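Examining the three-dimensional arrangement
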Amino acid sequence: MSCPYKAKKMKIKVCGLKYKKNIQELSQLPIDYAGFIFYPKSPRYVGTEFNTESASALPKSVHKVGVFVNTELDELLQIGEQYQLDAIQLHGNETPKFCKQVKSAGFEVIKAFQVDENFQFENLKTYEEGCNYFLFDTKTKNYGGSGRKFNWNILKNYKGKTQFFLSGGIGAQDNERINKFTHDKLYALDVNSGFELEPAVKNADQIEMFVEKLENLEMSKNKYAVDERGYYGEFGGAYIPELLRANVDELQENYLKILNSEQFKKDYSRLLDNYVGRPTPLTKAGNLSKRYGTNIYLKREDLTHTGAHKINNTIGQILLAKYMGKKRIIAETGAGQHGVATATVCALFNLECIVYMGALDVERQAPNVARMKMLGAKVVPAISGNQTLKDATNEAIRDWIANPESFYLIGSVVGPHPYPDLVTRLQSIISEEIREQLEKENGNSNPNYVIACVGGGSNAAGAFYHYLDEKDVKLVAVEASGMGVESGETAATITIGDVGFIHGSKTMLMQDDDGQITEPYSISAGLDYPGVGPLHAHLAVSGRAEFLSATDKEALDAAKVLAETEGIIPALESAHALAVLEKMEFKPDDVVVLNLSGRGDKDMETYMKVFND
Ligand SMILES: Cc1ncc(COP(=O)(O)O)c(C=O)c1O
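Residues numbered from 1 in each chain as written. Predicted model: local features only at pLDDT ≥ 70, side-chain atom pairs only at ≥ 80, totals over all residues. Heavy atoms only, no water.

A closer look at empty space enclosed by the protein
As a reminder of what qualifies: In this analysis a 1.4 Å probe is tested at points of a 1 Å grid over the protein atoms alone, and where it fits but cannot get out there is a cavity; an open set with protein on both sides within 12 Å along at least five of seven lines is a pocket; lining residues have an atom within 4 Å of a point. Grid points are joined across faces, edges and corners, and a volume is the space filled by probe spheres set on the points. Secondary structure counts use DSSP, requiring at least four H or I residues in a row for a helix and at least two E residues in a row for a strand, with both numbered from the N terminus. Polarity classes work like this: nonpolar for Ala, Val, Leu, Ile, Met, Phe, Trp, Tyr, Cys and Pro, charged for Asp, Glu, Lys and Arg, and polar for all others, with Gly in that last group. Segment limits for the domains were obtained from an automatic or database-derived domain assignment.
Tallying each qualifying case throughout the model produces three cavities of 30 Å³ or more. In this structure, the largest cavity encloses a volume near 330 Å³. Lining the largest cavity are 31 residues, with Lys310, Leu389, Gly411, Gly456 and Gly526 positioned closest to its centre. Sorting the residues of the lining of the largest cavity by element identifies strand S15 (328–333), helix H11 (337–349), helix H14 (389–402), helix H17 (458–464) and helix H21 (572–579) as the ones contributing at least two each. For the lining of the largest cavity, the class distribution of residues is nine nonpolar, 18 polar and four charged. Split by domain, the lining of the largest cavity shows at least three residues from each of two domains, domain 2 (231–261 + 307–422) and domain 3 (274–306 + 429–612). If you add up the space inside the second largest cavity, you get close to 60 Å³. The set of elements that each furnish at least two residues to the lining of the second largest cavity consists of helix H7 (242–259) and strand S18 (407–408). The element best represented in the lining of the second largest cavity is H7, accounting for three residues. Here the lining of the second largest cavity is built from residues that sort into seven nonpolar, two polar and two charged.

See below:
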C-alpha cells in the first residue's frame, strides 16, 4: 500500500535560510519546507552562529530540511539530530545505500539530481527505496544553487513513482509557467535565490505574493486542506477549556510528526492490510446499476474487520496513542461502531478502554454494546439531553478534563484541531483505494460522483479526500433528515443549521434562535448528531460538495432495495447514502461511487421491527 497521506496540495519549500529575523518573517507564510544549507562552500551556508533557536520560529508544521553535499554519514546524522531536522536533502554523489541509511535513521530523504537533455531517469530506480522524494535541479559544474532554470519539458521523460521537488532558478515571474506545467509526480516547488535581497535573505513579501498568485491561478494547491491553525476556510479551530489546552497542544505538536514517520507508516499499513482487511473491494453493483440506469460501484467498508470504516481511524489513533505513551483510552460512540472499533484496538494493544454512549443508543444498538463489553471495554451510558451522540461526546470530554493523561480517541472528523485533520488523514485510505481500483477497472481514477452519508463526516471525508481538488468529480454528502427537514425531528445539519460552536470547533450546527444546540433526531444512531465536521461546513459553504438528505423512511426503503437486489444488508447510516440514488439523475455512462460505510448487523432489530412481514 502506498502512503495514505499524499496531500493533493503542491508544497512550497524555501531553501537557503539562515537569519533568525528572516526566518521569523517567513514563519507567517504558508510554506511547507524550510531548507538550511550545511555545505560550507555555499554562500548560504548556515555558519556557526546558526542554532536550533533560530529555526524555532517556524511552526511545527514546516519541515526543517538540512541540505548536504557528500557529508560523512555520522556527521550528517549528528547534525540532523542536533538541529532537530525533519528531512535531509542530498546534493552530492551520495549512493542509494547512503540514502537508505539516512532514511532508516528516521529522516525524510530528498535526493537532488541535476538534469539536462541527456539525463537518464531510468537510473533513478535504484534510489527509489531510500528516498522519499527527488529534487530536480539545473545541471551545473557545482552542486546546485546556480539560479538558472532548466527546460522543464525534460521531466516528461520522468516516469518513476517517486514524487519530486522542482528546483532551479524559480522566481517571482514564474507563476504562469508553473501553472502551465503539469506532472503527476510534481510534489513541491523549491524556491531560493529567485526571491533574495542578498544571499540567504529572502524577500518574504515577494514570496507571499508568489504563493498567493499560485492560489489565484488555482494551482494544484488544495483549497480544502486544513491550515496551520486548524481552519478549513472559516471553520475549525480549537475552542477548548483551558484545562484541555495542554492535551490538545501535545496532540497538535505530535500528530503530523508521528503520522509522517516511517515507523508509523509501516505499522499502520501492516495493520490495515493484515488486521483490518484492506484494501476493501470496490464492487460493481450490477442490479442497482440497471435500476438507476448508470454504473454504480460500492466501496465496501462494510467488509472491514468490525464492519465499518471506523476501524481505519481507530487503528491509526491507537498507534498514535501508543507512540505518545498513553495507557488509558476514552471514546464516544453513536451507532456503537466507533465504540466497537475502539474496544477492538484497545484489546489488541492491551489498553484500558472507556466508551461513552447515549443511553438511547445503548438501547437501540444493543448488539454493539454486547460486543464492546466482550472486548473488555467499559461502556458508560450518557443520560443527559437526548441521550445520543452529542451527550456521549460531552461526557467523554468531561472525562478527558478529569483525566488529562488519557488519550481521547475521537470517532469522526469533529472536535478541536487537530482531530478533524487527523481523522480525515486516517480515513483518506478510502479514496486512495477508490482511485487505484477505478484506474484498474476503467482506466480512469476519477468517477463522476462520490456519494457518502454524513454524521460527523468521517467516512465522507475519507471518500472525498483525494478528489477534493478534482473539479470534475461531484461530491455528494447525505445527511439524515429523520422525520423530514421541517419536522423538528431531524439531523440535517447543513440544510437547517447555522454557524456556531460545538465540541471544540467552529462549524455548522443545528441551533435555536438563542444559539442553543437543538436536539437532533434520526433513526440511525450514527447520523444522530447536531453538527458536522468543519471540513464539511467548508465544503458546503464553498459549494464544493452538494448536501442532500434522506428521511428515516427513505433510508429504510433503500436498505431493503440493496438487500434484495445485491444481497448486501447495509448499516442504516449507509442506507441514507443509498436513498439519494432515487433522487438523483444519472447518465448511462456515469461512474457513481457510493461509500458503503458499514454493514447492517447492528441494525437488525430496527429492520426486523419495520420489515416484520
Ligand atoms: C456505518 C456507519 N456509517 C456512518 C457513520 C457516521 O459517521 P461518519 O459521518 O463519521 O462517517 C457511522 C457512525 O457511527 C457508522 O457506524
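Focus on the nonpolar core
Operational definition: Residues grouped as a nonpolar core are buried Ala, Val, Leu, Ile, Met, Phe, Trp, Tyr and Cys residues, joined through side-chain atoms within 4.5 Å. Partly exposed residues are those whose accessible area sits between 20% and 50% of the maximum for their type, while under 20% is buried and over 50% is exposed, using a 1.4 Å probe and protein chains only.
Core analysis: the biggest nonpolar cluster contains 88 residues, and Leu320 and Phe464 have the highest contact counts within it. Counting only domains with at least three residues in this core, you end up with domain 2 (231–261 + 307–422) and domain 3 (274–306 + 429–612). Residues Ile31, Leu76, Leu90 and Phe150 belong to the second largest nonpolar core, which totals 58 residues.

Section: the environment of Pro281
To keep things clear, this is the line we draw: Residues are treated as being in contact if the distance between any of their heavy atoms lies within 4.5 Å.
Relative to the helices and strands, Pro281 resides in the loop between helix H8 (262–276) and strand S13 (282–284). Between the alpha carbons of Pro281 and Glu486 there is a distance of 38 Å; along the sequence they are 205 residues apart. Those residues in contact with Pro281 that lie beyond four places of it in its chain are Leu298, Lys299, Arg300, Leu303 and Gln437.

Some remarks on the sheet that holds strand S19 (residues 449–453)
Where we set the bar: Strands qualify as paired when DSSP identifies two bridges or more between them. Here an angle of 0 to 180 degrees is reported between the N-to-C directions of two axes, which are lines fitted to C-alpha atoms, with helices fitted over the stretch in contact.
Taken together, six strands build an open sheet; the order of strands is S13-S14-S24-S19-S20-S23 and the sheet is mixed. Taken across any chain shown, the strands that pair with only one partner, and hence form the sheet edges, are S13 and strand S23 (545–551). Across this sheet, the average inter-strand angle for adjacent strands is 25 degrees, counted without regard to direction. Taken together, the six bridges between strand S14 (residues 295–300) and strand S24 (residues 591–596) define a ladder with parallel strand orientation. Looking at the pairing, Lys299 lines up with Asn595 of S24. Its contacts with the sheet place helix H16 (residues 429–442) against S13, S14 and S24, and it is angled at close to 140 degrees to S14.

Here we look at the domain arrangement of the chain
Partitioning the chain into domains gives domain 1 (11–221), domain 2 (231–261 + 307–422) and domain 3 (274–306 + 429–612). Averaged C-alpha coordinates put domain 1 and domain 3 at centres separated by 40 Å.

Considering the state of the cysteines
Selection criterion: In plain terms, two cysteine sulfur atoms within 2.5 Å form what is called a disulfide here.
Summed over all chains, the structure comprises zero disulfides. For Cys131, which is in no disulfide, the shortest distance to another cysteine sulfur is to Cys99 and amounts to 3.9 Å. Its relative accessible area of 4% is what places Cys131 among the buried residues. With no disulfide of its own, Cys346 lies closest to Cys353 among cysteine sulfurs, the gap being 3.8 Å. On the basis of relative accessibility, which here comes to 1%, the residue Cys346 falls in the buried class.

Details of the pattern of salt bridges
Rules: The salt bridge criterion pairs a side-chain nitrogen of Lys or Arg with a carboxyl oxygen of Asp or Glu, the two atoms within 4 Å.
The full count for this structure, using the stated rule, is 32 salt bridges. Asp184 is the salt-bridge partner of Lys185, the closest N and O atoms lying 3.6 Å from each other. The exposure class assigned to Asp184 is exposed, which follows from its relative accessible area of 64%. Through salt bridges with shared partners, a single network forms among Arg278, Lys299, Glu301 and Glu433.

Considerations on H7
Short version of the rule: Multiply 1.5 Å by the residue count of a helix minus one, and that product is the helix's expected span.
With 18 residues, H7 extends 26 Å between its outermost C-alpha atoms, agreeing within 8% with the 26 Å of an ideal straight helix rising 1.5 Å per residue. The set of residues buried in H7 consists of Leu244, Asn247, Val248, Leu251, Tyr255, Ile258 and Leu259. In this fold, the buried residues of H7 make contact with H8, helix H10 (310–323), H14, S18 and helix H15 (419–427).

Concerning the sheet that holds strand S5 (residues 108–115)
Taken together, the eight strands give a closed barrel; going around it, the order is S1-S2-S3-S4-S5-S6-S7-S8, and neighbouring strands pair in parallel fashion. For this sheet the average axis-to-axis angle between neighbouring strands, irrespective of direction, equals 30 degrees. Of the pairings in the sheet, the one linking strand S6 (residues 133–138) to strand S7 (residues 164–166) comprises three bridges and is parallel in character. Paired with Phe134 across the strands is Phe164, a residue of S7. Along the sheet face, helix H4 (residues 96–104) touches strand S4 (87–90) and S5 and points at about 150 degrees away from the line of S5.

Brief notes about unusual backbone geometry
Trans is the common state for peptide bonds, and a negative phi is the common state for residues other than glycine. With an omega of 0 degrees, the peptide bond running from Arg278 to Pro279 counts as cis. The topology assignment puts Pro279 in the loop between H8 and S13. Here the residue pair His417 and Pro418 is connected by a cis peptide bond, since its omega of 20 degrees sits within 30 degrees of zero. Relative to the elements of secondary structure, Pro418 occurs in the loop between S18 and H15. A positive phi is found at Thr306, a non-glycine position, where the angle reads about 80 degrees. Within the element layout of this structure, Thr306 appears in the loop between S14 and H10. Within the chain, Gln387 stands out as a residue other than glycine whose phi angle is a positive 60 degrees. Given a relative accessible area of 26%, Gln387 falls into the partly exposed group.

Notes on the site of the ligand
For clarity, the threshold we go by: Here a residue counts as near a molecule or strand whenever at least one of its heavy atoms sits within 4 Å of it. Under this definition, polar contacts are N or O atom pairs within 3.5 Å; protein pairs additionally need one hydrogen-donor-capable and one acceptor-capable atom, and for neighbouring residues in sequence, both atoms have to be side-chain atoms. Per-residue and other accessible areas follow the Shrake-Rupley method at a 1.4 Å probe size, with only the shown protein chains counted as cover for residues. Cavities and pockets are treated as containing a molecule whenever more than half of the molecule's atoms lie within 2 Å of their grid points.
Residues in close proximity to the ligand total 19 residues, the closest being Ser412, Gly455, Gly457, Ser458 and Ser597. Contacts to the ligand include Ser458, whose side-chain N or O atom sits 2.7 Å from an oxygen atom. When the free accessible area of the ligand is taken as 390 Å², the share hidden by the protein chains comes to 98%. Taken atom by atom, the bulk of the ligand overlaps the largest cavity. Grouping the amino acids of the shell around the ligand by side-chain chemistry returns six nonpolar, eleven polar and two charged.

Considering the pairing of S23
Of all seven residues in S23, six are buried; the element is thus mostly enclosed. Two elements, strand S20 (residues 474–482) and S23, share seven bridges in a ladder whose sense is parallel. Bridge assignment links Val478 to a residue of S23, and that residue is Leu548.

Re the confidence of the model for the chain
Here is the rule: Confidence of the predictor in every single residue is expressed as pLDDT, which spans 0 to 100.
Across the chain, pLDDT averages 93, with 97% of residues at or above 70. In this model, residues 1–8 is a region of pLDDT below 50 whose contacts with residues beyond four sequence positions or in other chains number 31 contacts. Contacts for the low-pLDDT stretch residues 216–221, under 50 throughout, to residues beyond four places or in other chains number 19 contacts.

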